Structure formats: structure tokens, C-alpha cells
Amino acid sequence: MRSLFSFVLVSLLALPAWACETPICPTDPNTLDLSRRITFDDLPSSFGVGRLINGILEQDGARFGERFAGQDLGRDGTFDRVNGTALAPLTLLPGAPNQSLGILRLMRTSVLQGHGPAGYPRTEAVGEGAIAVIFDWDQSAIALDIRGGEQGFATLTFLARDGQVIDSHTLGPLSEATYGFARKDDRPDIAGLLITNSDPEGIALDNLRFDRLAALSLLRTQEPQHP
């Protein structure tokens, strides 16, 4: 029984990385055992242009802002563009007043979106701003839902605690979908995530999942012990 459990555990650890040829691999999110999820459903929200958040949004295990210290904010039409190298240690920055984050109500769920250069409460700002995430502890895998998406594109940049870029992925043409990402060799060094987009209607973030190592640690504690 113990050898069987060990085989299953090793298989779980190896699953996302076995065919990985890049530092971070797109992965079927259903294969990732992620113990923590941020839904935004417990936050005040509204329909239309949503409810404005100025400053940093604190959630359990992660914080949300616009970009990281050392990076510059530019624009491409009505979209945020983030340039430059983040400083060490990785430090989250909010956007300018009315150009940071918002919580938007979509039917039965609430989502996080960034306000672009047009600024809140203009409709052309909704979903066109950058979203930055910093985790309280380094991660080896994450999953997330992209809401909205009208055949545009989004760029996800993964950063280490020293501000260096680990990898970057462009997603698209976009529709509403769930994405998973795992670090090659299951290395836990993803400290931050930056999301920008060029979708005609903008995008939003929902159901951010992380903390894979905690789930695997739980499996290890359940391994049968023999005297």
C-alpha cells in the first residue's frame, strides 16, 4: 500500500512538468491540486462599470494592484501597457486614482477587472487596465478564469521574488475560459503575475487558484505509517 501511495504521489508531482519545454507550461487546470481559491464574490460589487477599488486589494494569500515597483505604466489607445523591470524584492503598486481596479457583477458572480487610461467611471476603461498579483508565498502552479474575451489577446507575465521574469504567455483569441500553468520541475518560485490585454471589450479575472504545495503536503501526511 505504501509503495502504491508513493507511486501516486510521484505521479501527481510530475504530471504538469513531464512534457514541459518552457519555464512555465500551460497545463490542464483539472490536473492541478490547488488548495486555495479567490473568487471575489464576497466583495461589494455592482453591474455596469462595477465598483471602484483605489489602492491595493488584500485577499487571503494574495494581493492585487496594477504593476510592480520599477515598472512604468504606458498606454496603447485605451489599454494599459506595463514596461520595465520590476525591482527586488517584488513590490506591488496600486494604480492612480480611478485607474486601478474594480469589482464587476456578472450575473451570479463577481470578477476583478482593471481600469484603463480612460479612468473610472467611463465604460471604455472597464477591463482594459493592467492587473498585478503578488502571492504571500512562492507558487509552483496557478489556475484562473478569464471572463469576457471577444477574440482579443491577453499577456500573462510570471515573476520571481527578485523581480526577474520567469516566463510570459500570450493567450488568444480569447473567449471565456479556464487556464492552468505549472512551473517546470514543479519549482516553487512564482511570486507575482502581471496581466495585460488588448481585447475589444476588455477582460476580467475570476477564480484564481493556487497553493499546490499545500495540497501535496496534505497527501504526504496521509501516507500510511508503519512501526
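Residues numbered from 1 in each chain as written. Predicted model: local features only at pLDDT ≥ 70, side-chain atom pairs only at ≥ 80, totals over all residues. Heavy atoms only, no water.

**Observations regarding the overall build of the chain**
Alright, step 1. Per the secondary structure count, the chain includes two helices and 18 strands.
Alright, step 2. Per-residue burial for the chain yields a buried fraction of 50% across its 227 residues.
Alright, step 3. In the chain, of all internal contacts separated by at least 6 residues, the share reaching a separation of at least 24 is 75%.
Alright, step 4. In the structure as shown, the chain presents an accessible area of about 10600 Å², 53% of it carried by carbon and sulfur atoms. (Helix = DSSP H or I, 4+ residues; strand = E, 2+ residues; numbered from the N terminus. Buried < 20%, exposed > 50% of the residue type's maximum accessible area, 1.4 Å probe, protein only. Contact = heavy atoms within 4.5 Å. Areas by Shrake-Rupley, 256 points an atom, 1.4 Å probe, with all protein chains shown as cover.)

**Comments concerning the nonpolar core**
Alright, step 1. Ranked by size, the top nonpolar core spans 33 residues in total, and within it Phe40, Leu57, Phe64, Leu112, Leu144, Leu156 and Phe158 carry the most contacts.
Alright, step 2. In terms of residues, this core owes the most to one element, strand β18 (residues 203-210), which gives four residues.
Alright, step 3. Core analysis: the second largest hydrophobic core is formed by eleven residues, Val82, Ala130, Ala132 and Leu159 among them. (Core = buried A, V, L, I, M, F, W, Y, C linked by side-chain atoms within 4.5 Å.)

**Quick word on the pattern of salt bridges**
Alright, step 1. The tally for this structure, following the rule as stated, stands at twelve salt bridges.
Alright, step 2. Residue Asp211 pairs with Arg36 through a salt bridge whose shortest N-O separation is 3.6 Å. One end of the pair, Asp211, is in the loop between β18 and α2 (212-221); the other, Arg36, is in strand β2 (residues 36-38), with 175 residues separating them in the sequence.
Alright, step 3. Residue Asp211 is classed as buried on the basis of its relative accessible area, which comes to 9%.
Alright, step 4. Its salt-bridge partner being Asp189, residue Arg183 comes within 2.8 Å of it at the nearest N-O pair. Side by side, Arg183 and Asp189 carry an identical accessibility label, which is buried.
Alright, step 5. The network of salt bridges with common partners includes Arg36, Asp60 and Asp211. (Salt bridge = Lys/Arg side-chain N within 4 Å of Asp/Glu carboxyl O.)

**Structural notes on the sheet that holds strand β5 (residues 62-65)**
Within a sheet, each strand pairs with its neighbour through backbone hydrogen bonds, oriented either parallel or antiparallel.
Alright, step 1. Read from one edge to the other, the open sheet built from six strands follows the order β4-β5-β12-β17-β14-β15, with strand pairing classed as antiparallel. Only two strands of the sheet have a single partner each, and these edge strands are β4 (57-59) and β15 (165-171). The sheet shows a mean angle of 15° between the axes of neighbouring strands, taken without regard to direction.
Alright, step 2. Relative to strand β17 (residues 190-197), strand β12 (residues 131-139) runs antiparallel, the two being bridged by five bridges. By the bridge assignment for β17, Ile131 is matched with Ile195. (Pairing = 2+ DSSP bridges. Axes fitted to C-alpha atoms, helices over the stretch in contact; angles between N-to-C directions.)

**A closer look at the confidence of the model for the chain**
Alright, step 1. Scored by pLDDT, the chain comes out at a mean of 89, with 85% of its residues at no less than 70.
Alright, step 2. Counting interchain partners and residues more than four positions distant, the pLDDT-below-50 stretch residues 1-18 has 31 contacts.
Alright, step 3. Segment residues 217-227 is flagged for pLDDT under 50; beyond a separation of four residues in sequence, or across chains, it makes 14 contacts in the model. (pLDDT = per-residue confidence, 0-100.)

**With respect to the packing of aromatic side chains**
The way to describe two aromatic rings as a pair is by their centre distance and the angle between their planes.
Alright, step 1. Taken as a whole and assessed by the stated rule, the structure comprises four aromatic pairs.
Alright, step 2. Seen in terms of ring centroids, Phe135 and Phe210 are 5.1 Å apart; in terms of plane orientation they differ by 55°. Their pairing is tilted. Taken together, the residues Phe135 in strand β12 and Phe210 in strand β18 connect sequence positions 75 residues apart.
Alright, step 3. Aromatic pair Trp137 and Phe210: ring centres 6.2 Å apart, planes at 50°, arrangement tilted. Separated by 73 residues along the polypeptide, Trp137 in strand β12 and Phe210 in strand β18 bring together distant segments of the chain.
Alright, step 4. Classification of Trp137 by relative accessible area gives partly exposed; the value is 31%.
Alright, step 5. Looking at Phe210, the relative accessible area reads 0%, which means it is buried.
Alright, step 6. An aromatic cluster is defined as three or more aromatic residues linked by ring pairs; in this entry it consists of Phe135, Trp137 and Phe210. (Phe/Tyr/Trp six-rings, centres within 6.5 Å; stacked < 30°, edge-to-face > 60°.)

**A few points about the pairing of β15**
Alright, step 1. Here strand β14 (residues 154-159) runs beside β15; their pairing, made up of six bridges, is antiparallel. Bridge pairing in β15 places Leu159 opposite Val165.
Alright, step 2. The hairpin formed by β14 and β15 contains five residues between the paired strands, and Gly163 there has a positive phi angle of roughly 90°.

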